[in-house]
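# Examination of the molecular architecture
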Amino acid sequence: MAEQQLSFEKPIVELKNKISELKAFTAEKEIDLSGEIEKLEERLEQLEKDIYGNLNPWERVQIARHNKRPTTLDYIKRIFTDFIELHGDRLYGDDQAIVGGIARFEGLPVTIIGHQRGKDTKENIKRNFGMPHPEGYRKALRLMKQADKFNRPIICFIDTKGADPGIESEERGQSEAIARNLIEMSGLRVPVVCIVIGEGGSGGALALGVGDRIFMLENSTYSVISPEGAAALLWKDSSLAKRAAETMKITAPDLLELGLIDGMVQEVRGGAHRDVDQQAHEIAETLSQSLQELVGIEPETLVKKRYEKFKNIGEINHVSDIIVMK
């Protein structure tokens, strides 16, 4: 699959092409244009800083949806060792939209669970475009309970547009499966670290998002509905998605400012797909620090702190902030 070119990146792409053409020309004609090339490369460096350092919410949404954006499995093979994938919910079947298993992180046994998108059309169909069915959430819950039993920290990678909305999923108990995960995750007696690596859409994302620490990659999003969906509801026009993205406060910087997440993982300039190895390193650093803080805390204390964390989300502390509806 060809790499997707985002509209706001057009000046960068054009300058890169110009540099490549100039290098090819100098090689062919054996002319020394190193000075001109160096000036263009300096200009490119500054252009990238200006564009990627001032991204608006809609541009971050586009990066989060990039067709080359790393997935859960991309990070698993770079961050963890001895990974063994486990399958099935022991009730219906195996959902390929969620992957999970056991591994080691810096020698520590852990359980890993994450949404999994495809890299091409064939794989996306196989994995339902990363939109889990109820058996996917029940598989995740089975692995969480196993981790709880054997005292293994749980690491969740969140990356989904939302849960599968089909009638068959509803018939198999989609809403109940998501709700069950929320209840059970809140009472887990082992550390839970969640990282949004792409899109975090609605309850489909939240079902893996009840953690002691919640992080987002710099260009990821976390929202109750997509910008297109919000625009269609608010203004009856899905083409106003850019306006909705700016209004909804769904980006990592926004959610960090609102106190809804614990931290933002710095992203490779231009998006995680530009250097997956470096991005994996940044995630590993965050995981390492979080687990050092959480491992060793008494289970009762862990559960109590997690409860307080979510109980306090959205709490209004000042009477002046309360809007009375009449």
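The coordinates are above.
For the structure given in this document, a descriptive report is provided here. The structure presented is a predicted model; accordingly, all values stated were derived computationally and were not measured.

On a plain count of helices and strands, the protein comes out with 14 helices and 8 strands. Against the compact-globule benchmark of 20 Å for 326 residues, the protein has a radius of gyration of 22 Å, which places it among compact chains. Along the longest, intermediate and shortest principal axes, the C-alpha atoms of the protein span 70 × 60 × 40 Å. Considering only residue pairs separated by 6 or more positions, the protein has 71% of its internal contacts joining residues 24 or more positions apart. A total of about 16800 Å² of accessible surface is found on the protein, and carbon and sulfur atoms cover 52% of it. If the 44 positive side-chain charges of the protein are averaged to one point and the 53 negative ones to another, these points end up 4 Å apart.

Moving on to the side chain of Thr286. If you trace the backbone, Thr286 turns up in helix H13 (residues 276-294). With a relative accessible area of 16%, Thr286 lands in the buried category. With sequence-adjacent residues up to four places away left out, Thr286 is seen in contact with Phe215 and Val265.

In this model, Arg90 sits at a positive phi of 65°, which is unusual for a non-glycine residue. Here Arg90 is to be found in the loop between strand E1 (81-85) and strand E2 (98-105). One non-glycine residue with positive phi stands out, namely Glu106, at about 55°. With respect to the secondary-structure elements, Glu106 resides in the loop between E2 and strand E3 (108-115). Given the relative accessible area of 61%, Glu106 is considered exposed.

The biggest cluster of nonpolar side chains holds 29 residues, and the ones touching the most others in it are Ile113, Met144, Ile154, Cys156 and Leu208. Contributing elements (two or more residues each) for this core: helix H6 (134-149), strand E4 (154-160), helix H8 (174-186), strand E5 (192-201), strand E6 (213-217) and helix H12 (252-258). Broken down by element, the residue count for this core peaks at 5 residues, all from H6. Look past the residues within four positions of Ile113 in its chain and what remains in contact with it is Ile98, Val99, Gly100, Ala140, Leu143, Met144, Ile154, Ile155, Cys156, Phe157 and Leu208.

Once that is clear, we can look at a nonpolar patch on the surface. A cluster of nonpolar side chains, Leu258, Leu260 and Ile313, forms an exposed patch at the surface whose accessible area comes to about 250 Å². Its place among the elements puts Ile313 in the segment after helix H14 (299-311).

Procedures and definitions
- Residues numbered from 1 in each chain as written.
- Predicted model: local features only at pLDDT ≥ 70, side-chain atom pairs only at ≥ 80, totals over all residues.
- Heavy atoms only, no water.
- Helix = DSSP H or I, 4+ residues; strand = E, 2+ residues; numbered from the N terminus.
- Rg over C-alpha atoms; globule rule 2.2 N^0.38 Å.
- Contact = heavy atoms within 4.5 Å.
- Areas by Shrake-Rupley, 256 points an atom, 1.4 Å probe, with all protein chains shown as cover.
- Lys, Arg positive; Asp, Glu negative; His and termini not counted.
- Charge placed at Lys NZ, Arg CZ, Asp CG, Glu CD.
- Buried < 20%, exposed > 50% of the residue type's maximum accessible area, 1.4 Å probe, protein only.
- Core = buried A, V, L, I, M, F, W, Y, C linked by side-chain atoms within 4.5 Å.
- Patch = residues over 30% accessible without salt bridge, like charges linked within 9 Å, V, L, I, M, F, W, Y side chains within 5 Å.
- Salt bridge = Lys/Arg side-chain N within 4 Å of Asp/Glu carboxyl O.

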